[in-house]
Amino acid sequence: MKRLVVEITMVVDAIGTEQTFYFADTAMGFTTKPTDTPANTYVAGRLISAGSFRRELFSGKRVTGAVRPSFGELVLDNGDGGLDAWTGYGISGGQVTVRWGEHDAAYPAGYTTVFVCAAQYMVCDFKEIKLRLRDRLNLLEQPLVKTSFDGSGGLEGTTALAGKLKQWVSSDPGFFPPILVDAAKLLYFVQSTGTGGLGASFDIYEGGAVITRGADYATAADCLATSPAGGQCRFWFGTGGNGPVYVRLGSVPVFDLRVFGDGYQSTGSSWSLIALAATGGIAGGTGTAIGIGAQLIDDSRSILQVMQDACVPSLAWFGMTRLDAFTCGVLTAPAVTASYGFTQHNAKGWTRTPIQDMDAPVWSVTVHSGKTWPGNLVAGVSGTMSDYLSRTPWWASFSSEDATIKTAHPGAVAEVIETNSRYFQNLASQTAFTAAYFALFGALREFYTFTAQMDADTLALDLHDTVEIKIPRFGLTAGKNMRIITQSIDCDNSQITFGVWG
Amino acid sequence: MSGNIIIGYPNRSDAGTMAGGSWLAGLPLANLQSREMAKVARSSDALNASTLFTLDLATAKTLRTFALCNHNLSADARWRVTLGTTSGGSQVYDSGWLDVWQMTFGDLVEWESVTWWMGVAGDEYLRSPYAAMLALPDYYTARYVKVEIDDTTNADGYVQIGRFFAGNAIQSGYNAAYGLQDAWEDLSTLDRAESGSDWAYEKRKLRNVSFVLEYLTATEASYYHELQRMVGTTGEVLYMPYPSEPGENQRYGFLGQLADLSPIDYPFYRVRRLPLRIKERA
């Protein structure tokens, strides 16, 4: 006989004291054993519903990006008012853990963790407390760039600059404008991020013509005190090259200024989905190393938006696992080896439906990539620089079609994809992308949903895992490997509904 | 003692003061006075000096029915109830040491059968729904109750009890009519895969009973009328179907609630009639 146990940890006073509350499903309350953790503790049978846990790999139109969570509600019996004090507690952001195990198993060692998530808010009436649950991806719904110039002078600029955001750079977003910090000193801000040891690759251009670099400044004080020679520039890359990056000019510019720079983490590593998640407060992520790509952020875009954008050219996805860990990967066709098999004997409710906005194959794809900052040009600038500084509004636009797909599927559709990342810098990367895109979305893909019993095997399955579907219908008698792209755990009925794609 | 059904009510234990023995600070004797059955009182060890408690009712009360519910008492456990005019005294009544487990099994399922133990062994209420129950031969009036437990070989190294019942009772002169029904309600559910393979979701099984007291005197009916007022459908009653057969009493008796407040009929001259449905508390 199994029971569900919910642990809810929340702040219970103004100084941040956390307390964990334990509940079992109704009629299944118990007192922990001396060898359990916590020991000798009463676990009230107040849990009316442990809610559901739903995640979808596809959060947009053939765009992977963030895993879309959709949690239900956790309902606790409060007919006796025993939990009325909760209305004064800091429930938002509290951790909720749902475990499932045999009633006589050691707690929690003998239980399986069904999911871990966060409480968002609660609704109370005279009978029940309903906790709205979600994952921690909302921590990423904060501006990536929060630091601005304070206008106190020096590197912080004049009062006129106060409040302006310090632009954040990942990799090489192209030729972007620096921010004038001090007109008298001809001091410009380039980026808040480090150089990754690539300070030598930085250049500043006036009207497309490169300005001769003098020796890099050794200190911030040196940068503020010493002007470059006339017609030259000097960079200050921050201590150890870890940013922020400034540049001073020796002469007043007449044409537009553009900098070609590179942005990296202070460790020297490229910015990645995992690293950005960590800046948002979700540390310890695992998965495929997926770069943020060449981007400049100088507005209020959220970390989540930047990560979403980064997923576009990589065909990548990211999100929280059911155990509250950040993970990411690249969407690929189903693997050869399946993690588990589903048949008519261990699943029910088989349905074949299209995914929303993915009801037909794609035969044509057009990609627009890389934000640009075009500028005026000095006479005699090279054709290459003239090209670079004239591109607008995208650094690269390209398209590809596969007529055979259109022939096989007259209803096939054309897609347009946009990304701020200057990802596609050469023909090879463009060709590789369209090939991968058509491989994934150019074929007639099948999407099945079905419901299976919740057990250790089905709980272990996660999004993007490959499973074999073998049923005597829909031409699947011989079996077919498919990717799990949706997962909905129904704690109350001990069932999991999967959506598979392949 | 009459073998007619006894309905124990009200539970006077909750209003009293408990003391004695040695119980974990986090799982104190006060938990015996909580309606939450799973909230147990747990002794610090299994020594007899630790596994006792006294109950002071503040004033002398009429008592006849006692029960230890949701306990982990082992097959060899014994218990003793004394009523006194002083704390811990036995001036009013002494049950002597009684076996906790009174149920006996015939040839079909032996006492030591694995099948039998699967149902009732262990240290949790879920595996041991049978309470230790005691119906006194008569009504006694006392202020002080003392319960001693002798279970020094308990494998857990402690005893735990989820609820203590000490109450008055009503026992009618005529027993329930033939047709009484003992039943289990299984909270489990069953689902099936596409092929028909079954998925079982096992939950607890709770007892219930329905019977009719066909011949109640006006006085007895008035007591049942008052019982319904005091207990309603949320309060608890101790259902003791076979007071003179402790084994059967333990098997079929339970701490329960009235499933509904049935009307007390007046079918014949000077005869009242009451159908009762009682369901086990969870």
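These figures come from a predicted structure and were not determined experimentally. (Residues numbered from 1 in each chain as written. Chains lettered and ligands numbered in written order. Predicted model: local features only at pLDDT ≥ 70, side-chain atom pairs only at ≥ 80, totals over all residues. Heavy atoms only, no water.)

**Q** Can you break down the side chain of A:Gln265 residue by residue, with the values?
**A** All names here are of chain A. Along the chain, Gln 265 turns up in the loop between strand E21 (257-260) and helix H2 (273-279). Within polar-contact distance, the side chain of Gln 265 engages the backbone oxygen of Ser 270 at 2.7 Å. In this structure Gln 265 touches Ser 270, Trp 271, Ser 272 and Ala 275, once residues within four positions along its chain are discounted. (Helix = DSSP H or I, 4+ residues; strand = E, 2+ residues; numbered from the N terminus. Polar contact = N/O pair within 3.5 Å; in protein donor to acceptor, adjacent residues only side chain to side chain. Contact = heavy atoms within 4.5 Å.)

**Q** I'd like to hear about the side chain of B:Arg207, residue by residue, with values.
**A** Residue and element names in this part refer to chain B. Inspection of the secondary structure puts Arg 207 in strand E14 (residues 205-216). For Arg 207, a relative accessible area of 5% corresponds to the buried category. Within the structure, Arg 207 has its side chain in polar contact with the backbone oxygen of Arg 251 (distance 2.7 Å). A distance of 3.0 Å separates a polar side-chain atom of Arg 207 from the backbone oxygen of Gly 253. (Buried < 20%, exposed > 50% of the residue type's maximum accessible area, 1.4 Å probe, protein only.)

**Q** Give me the confidence of the model for chain B: which residues, what numbers.
**A** All names here are of chain B. In this model, chain B carries an average pLDDT of 91, and 91% of its residues clear a pLDDT of 70 or more. The low-confidence segment residues 116-127, where pLDDT is below 50, has 43 contacts with residues more than four positions distant or belonging to other chains. We note a pTM of 0.85 for the whole complex and an ipTM of 0.83 for its interfaces. (pLDDT = per-residue confidence, 0-100.)

**Q** Outline the sheet that holds strand E22 (residues 286-287) of chain A, listing residues and values.
**A** Residues and elements named next belong to chain A. An order of E6-E24-E25-E22 is seen for the 4 strands of this open sheet, with the pairing classed as mixed. Two strands bound the open sheet, and with one partner strand each, they are strand E6 (65-66) and E22. Pairing of E6 with strand E24 (residues 316-320), which is carried by 2 bridges, proceeds in the parallel orientation. Bridge pairing in E24 places Gly 65 opposite Trp 317. (Pairing = 2+ DSSP bridges.)

**Q** Go over the interface of chain B and chain A, please, and point to the residues and values.
**A** Listed per partner, the contact involves 27 residues of chain B and 30 residues of chain A. Of the roughly 2300 Å² buried between chain B and chain A on both sides combined, carbon and sulfur atoms contribute 54%. The interface formed by chain B and chain A includes 2 salt bridges. The residue A:Asp25 makes a salt bridge to B:Lys203 at a minimum N-O spacing of 3.1 Å. For the pair chain B and chain A, the number of links is 16 residue pairs in polar contact (both at pLDDT 80 or more). The biggest single contributor to the side of chain B that touches chain A is strand E13 (residues 198-201) of chain B, with 3 residues. The class makeup of the residues in the side of chain B that touches chain A is 12 nonpolar, 3 polar and 12 charged. (Buried area = accessible area lost by both parts, 1.4 Å probe. Salt bridge = Lys/Arg side-chain N within 4 Å of Asp/Glu carboxyl O. Nonpolar A, V, L, I, M, F, W, Y, C, P; charged D, E, K, R; others polar.)

**Q** A description of the nonpolar core should follow, citing residues and the corresponding values.
**A** Across soluble globular proteins, you tend to see nonpolar side chains buried next to one another. The biggest cluster of nonpolar side chains holds 77 residues, and the ones touching the most others in it are A:Ile8, A:Trp86, A:Val114, A:Phe342, A:Phe441 and A:Trp501. Once residues within four sequence positions are removed from consideration, A:Trp86 is found in contact with A:Ile8, A:Met10, A:Phe21, A:Phe23, A:Leu76, A:Met122, A:Ile129 and A:Leu131. (Core = buried A, V, L, I, M, F, W, Y, C linked by side-chain atoms within 4.5 Å.)

**Q** Tell me about the pattern of salt bridges, residues and numbers included.
**A** Taken as a whole and judged by the stated rule, the model has 32 salt bridges over all chains. Among the salt bridges present, the one from A:Asp216 reaches A:Arg213, with a minimum N-O distance of 2.8 Å. Looking at A:Arg213, the relative accessible area reads 22%, which means it is partly exposed. In this structure, the salt-bridge partner of B:Asp94 is B:Arg80, at a minimum N-O distance of 2.7 Å. In this pair, B:Asp94 sits in strand E6 (residues 93-94) while B:Arg80 sits in strand E5 (residues 78-84), placing the two residues 14 residues apart along the sequence. Residues joined in a network through salt bridges with shared partners are B:Asp14, B:Arg163, B:Glu236 and B:Arg281.

**Q** Account for a nonpolar patch on the surface, naming residues and giving values.
**A** All names here are of chain B. A cluster of nonpolar side chains, namely Tyr 174, Tyr 215 and Phe 268, defines an oily patch on the protein surface of about 390 Å² accessible area. Within the element layout of this structure, Phe 268 appears in strand E17 (residues 265-268). Residue Phe 268 is classed as exposed on the basis of its relative accessible area, which comes to 53%. (Patch = residues over 30% accessible without salt bridge, like charges linked within 9 Å, V, L, I, M, F, W, Y side chains within 5 Å. Areas by Shrake-Rupley, 256 points an atom, 1.4 Å probe, with all protein chains shown as cover.)

**Q** Can you explain unusual backbone geometry? Please cite residues and give values.
**A** A cis geometry characterises the amide bond from A:Thr37 onward to A:Pro38, with omega recorded as -5°. Relative to the assigned elements, A:Pro38 resides in the loop between strand E3 (30-31) and strand E4 (42-49). Going from B:Tyr9 to B:Pro10, the amide bond is cis rather than trans, its omega being -20°. Even without glycine at this site, A:Phe474 takes up a positive phi of about 60°. Mapping A:Phe474 onto the fold places it in the loop between strand E32 (466-470) and strand E33 (480-490). Owing to a relative accessible area of 40%, A:Phe474 belongs among the partly exposed residues under this scheme.

**Q** Give me the lowdown on the pairing of strand E15 (residues 187-191) of chain A, citing residues and values where you can.
**A** Residues and elements named next belong to chain A. A large share of E15 lies buried, amounting to 5 of its 5 residues. Taking the residues between adjacent antiparallel strands as the criterion, strand E14 (residues 179-182) and E15 are bridged by 4 residues, where Leu 186 takes a positive phi near 55°. The sheet contact formed by E15 and strand E20 (residues 245-249) spans 4 bridges and is antiparallel. Looking at E20, one finds that Phe 189 is bridged to Tyr 246.

**Q** Describe the environment of A:Ala403, naming the residues involved and giving the relevant values.
**A** Residues and elements named next belong to chain A. Mapped onto the elements of the fold, Ala 403 is located in helix H5 (residues 403-408). The class of Ala 403 is exposed, set by a relative accessible area of 52%. With 49 residues separating them along the chain, Ala 403 and Ala 452 place their C-alpha atoms 40 Å apart.

**Q** Lay out helix H6 (residues 427-441) of chain A with the relevant residues and their values.
**A** All names here are of chain A. The end-to-end C-alpha distance of H6, which contains 15 residues, comes to 21 Å, matching closely the 21 Å that a straight helix rising 1.5 Å per residue would cover. Three or more residues of H6 are buried, namely Ser 429, Gln 430, Phe 433, Thr 434, Tyr 437, Phe 438, Leu 440 and Phe 441. Along the long axis of H6, the arc covered by the buried residues comes to 165°, so they all point the same way. Turned more than 90 degrees away from the buried face of H6, the exposed residues are Leu 427 and Ala 428. On its buried face, H6 is in contact with helix H3 (303-314), strand E28 (362-371), strand E29 (394-401), H5, strand E30 (413-419) and strand E34 (495-501). N-cap assignment for H6: the residue whose side-chain oxygen lies 3.2 Å from the backbone N of Ala 428 is Asn 426. (Expected span 1.5 Å × (residues − 1). Arc of directions from axis to C-beta.)

**Q** I'd like to hear about the packing of aromatic side chains, residue by residue, with values.
**A** Residues and elements named next belong to chain A. Applying the stated criterion across every chain yields a total of 39 aromatic pairs over all chains. An angle of 80° between the planes, with centres 5.2 Å apart, marks the rings of Phe 189 and Tyr 246 as edge-to-face. On the criterion of sequence distance, the pair formed by Phe 189 in strand E15 and Tyr 246 in strand E20 is long-range, its members being 57 residues apart. The pair formed by Phe 189 and Tyr 246 is uniform in burial state, with each residue classed as buried. (Phe/Tyr/Trp six-rings, centres within 6.5 Å; stacked < 30°, edge-to-face > 60°.)

**Q** Can you lay out H3(A) for me, pointing to particular residues and giving the numbers?
**A** Residues and elements named next belong to chain A. The first and last C-alpha atoms of H3 sit 17 Å apart over 12 residues, in line with the 16 Å expected at 1.5 Å per residue. Summarising burial for H3: 10 of the 12 residues are buried, a large majority. Listed as buried for H3 are Ile 303, Leu 304, Val 306, Met 307, Asp 309, Ala 310, Cys 311, Val 312, Pro 313 and Ser 314. Following H3 by one or two positions, Leu 315 adopts a phi angle in the positive range, close to 55°.

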